[in-house]
Amino acid sequence: MEFPLVTTSWLEANLNNQRLVLIDVSMSKVVGKKAIEYDRPVFIPNSQHLDLERSLCDLTSTQVHAFPVEDQFTRQVQRLGINAESIVVFYDNQGVYSAPRAWWVFQAMGCKHSFVLDGGLPQWLSEKRAVVSGLSVDEPVPGQMNGKLQSDFICDSNYIMDKRAGGQLTLIDARSKERFLGLAPEPRAGVRSGHIPSALNLPFPEVLNGHCFKSPEQLSEIFLNLAGSNNTTLVFSCGSGITACITLLAAVVAGYSYSQLILYDGSWSDWGSNSVLPVER
């Protein structure tokens, strides 16, 4: 299992590596934290952009931010020039926000040499490293990577209902405490307030230190205190499946194996909009 993060110094030293595919997956809307705003476009040199919400979500699904289907994923990675030997690095302009979601999609689709830039663009800028005002204009040679979804990387509400009662998983919700407790309204119409019964709350900012992730030791302590064991299966949820991947990635940094980690595809938007499913406040 490869460590999922790369540092800014590593990236700077590898910007001209022919195997590197550097992808900006910044999102226009930021939920759960104060957004960092820019007065002009800024990118790390040699970046391409991938629209996370359109290109890496199944838009034919009624579910918010549904995982992409294999053919859709394959078209996108080949367009970006990605091959089996490529080193794919994701970053976003909020520090650590949407990049972990792209990373988990790539991991689930079999693209194992994919990583997240710890601290993202804000960390890069704080260290006064070189930036450019536009994305790479070079058309990449079409790649040969094919996506193959490993279904055990994601789950649905049926899986949670089946496993939850038997204590076979620990469900971690990355939303704010106020939303988790149902004290703040949900931002999407038709979604109830509250949380999945027996879920634990770990707001995603708590796994971060500034723009970067906390240390492996700090994160290990957080998850051990929360889950009570490092041998359990962890299922991650949030509002729609974006920030849950931040806490999921934090668990990998803390030392959990990929086989222990599952993303609830659709998250609270899926659960909270289904009146048949139980809600706790």
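The structure displayed is predicted, hence computed values, not measured ones. (Residues numbered from 1 in each chain as written. Predicted model: local features only at pLDDT ≥ 70, side-chain atom pairs only at ≥ 80, totals over all residues. Heavy atoms only, no water.)

Here the focus is the packing of helix H4 (residues 99-108) against helix H9 (residues 244-254). At a minimum axis separation of 8 Å, H4 and H9 run at an interaxial angle of 70°. If you check the angle between H4 and H9, you find them roughly perpendicular. Handedness of the H4/H9 crossing: left-handed. Residue-level inspection shows Pro100, Arg101, Trp103 and Trp104 of H4 in contact with H9, the latter providing Cys245, Ile246, Leu248, Leu249 and Val252. By residue class, the composition of the contact of H4 with H9 is eight nonpolar, no polar and one charged. (Axes fitted to C-alpha atoms, helices over the stretch in contact; angles between N-to-C directions. Helix = DSSP H or I, 4+ residues; strand = E, 2+ residues; numbered from the N terminus. Parallel < 35°, antiparallel > 145°, perpendicular 65-115°, else oblique. Left-handed = near helix turned anticlockwise from the far one by under 90°. Contact = heavy atoms within 4.5 Å. Nonpolar A, V, L, I, M, F, W, Y, C, P; charged D, E, K, R; others polar.)

On to the sheet that holds strand E4 (residues 87-91), then. Reading across the sheet, the five strands line up as E1-E5-E4-E2-E3 and stay open at both edges, with parallel pairing between neighbours. Edge strands, defined here as strands with exactly one partner in the open sheet, are strand E1 (5-6) and strand E3 (47-49). Sheet topology note: the strand E2 (residues 20-24)/E4 ladder contains five bridges and is parallel. Along E4, the bridge assignment pairs aspartate 24 with tyrosine 91. (Pairing = 2+ DSSP bridges.)

Orientation of helix H8 (residues 216-227) relative to H9, taken along the N-to-C sense of each, is 110°, at an axis distance of 8 Å. The orientation of H8 relative to H9 falls into the category roughly perpendicular. For the pair H8 and H9, the sense of crossing is left-handed. Across from Pro216, Leu219, Ser220 and Phe223 in H8, the residues of H9 making contact are Thr247, Ala250, Ala251, Val253 and Ala254. Class assignment of the residues belonging to the contact of H8 with H9 gives a composition of seven nonpolar, two polar and no charged.

Empty pockets left among the atoms are what a rolling probe the size of a water molecule brings to light. Volume-wise, the largest pocket comes out at about 620 Å³. In terms of lining residues, the largest pocket is bounded by 25 residues, among which Gln18, Leu20, Val21, Gln48 and Pro140 are the most central. Of all the secondary structure elements, the ones that give two or more residues to the lining of the largest pocket are E2 and E3. A per-element tally of the lining of the largest pocket places E2 first, with three residues. Partitioned by chemical class, the residues of the lining of the largest pocket number ten nonpolar, eleven polar and four charged. The space that makes up the second largest pocket amounts to roughly 340 Å³. Residue lining of the second largest pocket: 22 residues in total, with Val31, Tyr97, Arg179, Arg188 and Ser240 positioned closest to the centre. When grouped by side-chain class, the residues that make up the lining of the second largest pocket number eleven nonpolar, six polar and five charged. (1 Å grid on protein atoms, 1.4 Å probe; cavity = no way out; pocket = protein on both sides within 12 Å on 5 of 7 lines; lining within 4 Å. Points joined across faces, edges and corners; volume = space filled by probe spheres on them.)

Structurally, glutamine 48 is set in strand E3. By relative accessible area, which is 17% here, glutamine 48 ends up buried. In terms of polar contacts, glutamine 48 uses its side chain to reach the backbone carbonyl oxygen of leucine 80, at 3.2 Å. If we skip the residues at most four places from it in the chain, glutamine 48 touches Val21, Leu22, Ile23, Asp24, Leu80, Leu135 and Pro140. (Buried < 20%, exposed > 50% of the residue type's maximum accessible area, 1.4 Å probe, protein only. Polar contact = N/O pair within 3.5 Å; in protein donor to acceptor, adjacent residues only side chain to side chain.)

Okay, unusual backbone geometry next. One non-glycine residue, asparagine 46, lies in positive phi territory at about 70°. For asparagine 46, the position within the fold is in the loop between E2 and E3.

What follows is about the pairing of strand E7 (residues 170-173). Sheet faces and side chains relate simply in a regular strand, where the side chains alternate between the two faces. Where burial is concerned, the two faces of E7 agree: the one with Thr170 and Ile172 and the one with Leu171 and Asp173 are both buried. As paired elements, E7 and strand E11 (residues 234-237) share four bridges and run parallel to each other. Among the inter-strand pairings, isoleucine 172 is bridged to a residue of E11, identified as phenylalanine 236. Sheet topology places E7 next to strand E8 (residues 200-201); two bridges connect them, and they run parallel. What sits directly across from isoleucine 172, in E8, is leucine 200.

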